[in-house]
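Architecture at a glance
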Amino acid sequence: EVQLVESGGGLVQPGGSVRVSCAASGFTFSDYGMSWFRRAPEKGLEWVAVINGGGAFTAYADSVKGRFTVSRDNAGNTLYLQMNSLKPEDTAVYYCAGRRAGSTKYDYWGQGTQVTVSS
């Protein structure tokens, strides 16, 4: 059974940091590019960051560039998103998603983890 399970969210003060994780199982993790998305209250799904299967390529949305870092541990089948200098507008449910190399659609999605940035 394929699973993507996010963890590590919570309440963070503005300017603070948090790292969220996505534990993968049931598929060959290193064969999949992985992305982070987020959905803020009353807003649509927003792409945040992507990392390729080997971990050498990353890209970020302009809204998080320079503050967020995506990484992966293929030996441990885990994806990470380090979020620094957090702003209230970063408040959202964060989702990880997996897409096989060369595919145009995401095959697997996690259930999401809430990150709330507030004083």
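**As for the overall build of the chain**
Across its full length, the chain holds zero helices and eleven strands. The helix and strand sequence of the chain, counted from the amino end, reads β-β-β-β-β-β-β-β-β-β-β. Expected size for 119 residues packed as a compact globule is a radius of gyration near 14 Å; at 13 Å, the chain falls within 12% of this value. Across its three principal axes, the chain shows a C-alpha extent of roughly 40 × 25 × 25 Å. For the chain, contacts bridging at least 24 residues in sequence account for 53% of all contacts bridging at least 6. Here the chain has roughly 6,000 Å² of accessible surface; of this, 47% comes from carbon and sulfur atoms. Of the side chains in the chain, 11 bear a positive and 10 a negative charge, and the two mean positions are spaced by 4 Å.

**Structural notes on the sheet that holds strand β8 (residues 78-83)**
Taken together, four strands build an open sheet; the order of strands is β1-β3-β8-β7 and the sheet is antiparallel. What marks the edges here is a single partner per strand, and that holds for β1 (3-7) and β7 (68-73). Each strand axis lies, on average, 15° off the axis of its neighbour in the sheet, ignoring direction.

**Things to note about the state of the cysteines**
A full pass over the atoms with the stated rule returns one disulfide. The residue that forms a disulfide with Cys22 is Cys96, at a sulfur-sulfur distance of 2.1 Å. With the S-S bond torsion at 60°, the cross-link from Cys22 to Cys96 turns out right-handed. Of this pair, Cys22 sits in strand β3 (residues 18-25) while Cys96 sits in strand β9 (residues 92-100), and the two are 74 residues apart along the sequence.

**Remarks on the pairing of β9**
For β9, the tally of buried residues reaches seven of nine residues, placing the bulk of the element in the interior. Taken together, the eight bridges between strand β4 (residues 32-39) and β9 define a ladder with antiparallel strand orientation. Bridge assignment links Ser35 to a residue of β9, and that residue is Ala97. With three bridges connecting them, β9 and strand β11 (residues 113-117) associate as antiparallel partners. Bridge pairing in β11 links Ala92 to Val115. Relative to strand β10 (residues 108-109), β9 runs antiparallel, the two being bridged by two bridges. Counterpart to Ala97 in the pairing with β10 is Trp109.

Rules of the game
Residues numbered from 1 in each chain as written. Predicted model: local features only at pLDDT ≥ 70, side-chain atom pairs only at ≥ 80, totals over all residues. Heavy atoms only, no water. Helix = DSSP H or I, 4+ residues; strand = E, 2+ residues; numbered from the N terminus. Rg over C-alpha atoms; globule rule 2.2 N^0.38 Å. Contact = heavy atoms within 4.5 Å. Areas by Shrake-Rupley, 256 points an atom, 1.4 Å probe, with all protein chains shown as cover. Lys, Arg positive; Asp, Glu negative; His and termini not counted. Charge placed at Lys NZ, Arg CZ, Asp CG, Glu CD. Pairing = 2+ DSSP bridges. Axes fitted to C-alpha atoms, helices over the stretch in contact; angles between N-to-C directions. Disulfide = S-S within 2.5 Å. Buried < 20%, exposed > 50% of the residue type's maximum accessible area, 1.4 Å probe, protein only.

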